Amino acid sequence: MHVGAVIAVTDLDRAREFYEGQLGLAGEPTPGGWLVRGDGGSVAYLLPGITDAGSASWPVASFRVDDIRATVRNLRARGVSFLGPDDLPFTLDSDGISADTSGLAVAWLRDPDGSVLDRKSVV
């Protein structure tokens, strides 16, 4: 069974710049939208033209990475902003990574529409 997140976006070009250009995912057209691919066969479908995109207050997609610190630093160098301690009910370390989620390290960010995404790794 194939499972992939569907992420509502208002502007597909702007979303593609973020997901492909800043996050480094590979993209391709798909019926009704755009598909972005990550490592290990993971995918997310960008569904354009949704006026209330970004209205969910919880993560709409989670990306597992091997090295959360290197990933956060790399993405910051590409201009990606991460949520800070005022935005989350978690204690964050100096890199903005959860310091109180046992066995899991997580960093949260928002896409251009405001949808919450997270990057996580098992520790």
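These numbers come from a predicted model, not from an experiment. (Residues numbered from 1 in each chain as written. Predicted model: local features only at pLDDT ≥ 70, side-chain atom pairs only at ≥ 80, totals over all residues. Heavy atoms only, no water.)

**Re the overall build of the protein chain**
What counts is decided by this rule: Numbering of helices and strands runs from the N terminus, with a helix taken as a DSSP run of H or I at least four residues long and a strand as a DSSP run of E at least two residues long. For the exposure calls, accessible area comes from a 1.4 Å probe over protein chains only, and a residue counts as buried if that area is under 20% of its type's maximum, exposed if over 50%, partly exposed in between. The contact criterion used is simple: two residues touch if any of their non-hydrogen atoms lie within 4.5 Å. Using a 1.4 Å probe, the Shrake-Rupley method yields the accessible areas, and only the shown protein chains count as cover for residues. His is not counted, nor are the chain ends; Lys and Arg add positive charge and Asp and Glu add negative charge. A charged residue contributes its charge at one atom only: NZ of Lys, CZ of Arg, CG of Asp or CD of Glu.
Counting its secondary structure elements, the protein chain contains two helices and seven strands. Starting at the N terminus and walking to the C terminus, you meet the elements of the protein chain as β-α-β-β-β-β-α-β-β. For the protein chain, the spread of C-alpha atoms along the principal axes amounts to about 40 × 30 × 30 Å. By residue count, 40% of the 123 residues in the protein chain fall in the buried class. Put simply, 54% of the contacts in the protein chain that link residues at least 6 apart link residues at least 24 apart. With an accessible surface of roughly 6800 Å², the protein chain has 50% of that area assigned to carbon and sulfur atoms. For the protein chain, the separation between the mean place of its 11 positive charges and that of its 17 negative charges on side chains is 4 Å.

**Digging into the confidence of the model for the protein chain**
To keep it simple, the criterion reads: pLDDT runs from 0 to 100 and stands for how confident the predictor is about each residue.
In this model, the protein chain carries a mean pLDDT of 92, and residues with pLDDT of at least 70 account for 99%. The secondary-structure element of the protein chain with the lowest mean pLDDT is strand β7 (residues 116-122), recorded at 89, while helix α1 (residues 12-22) shows the highest, at 97.

**Observations regarding the pairing of β7**
The condition is simple: Whether two strands pair depends on DSSP finding at least two bridges between them.
Most of β7 is tucked away: five of the seven residues are buried. As paired strands, strand β5 (residues 59-64) and β7 are joined by five bridges and run parallel to one another. The partner of P59 across the bridge, within β7, is V116. Of the strand pairs in this sheet, strand β6 (residues 104-110) and β7 are connected by seven bridges, and their pairing is antiparallel. Bridge pairing in β7 links R110 to V116.

**Here we look at the side chain of S121**
Residue placement: S121 occurs in strand β7. Leaving out residues up to four positions away in the same chain, S121 has contacts with V65, D66, I68, G103, L104 and A105.

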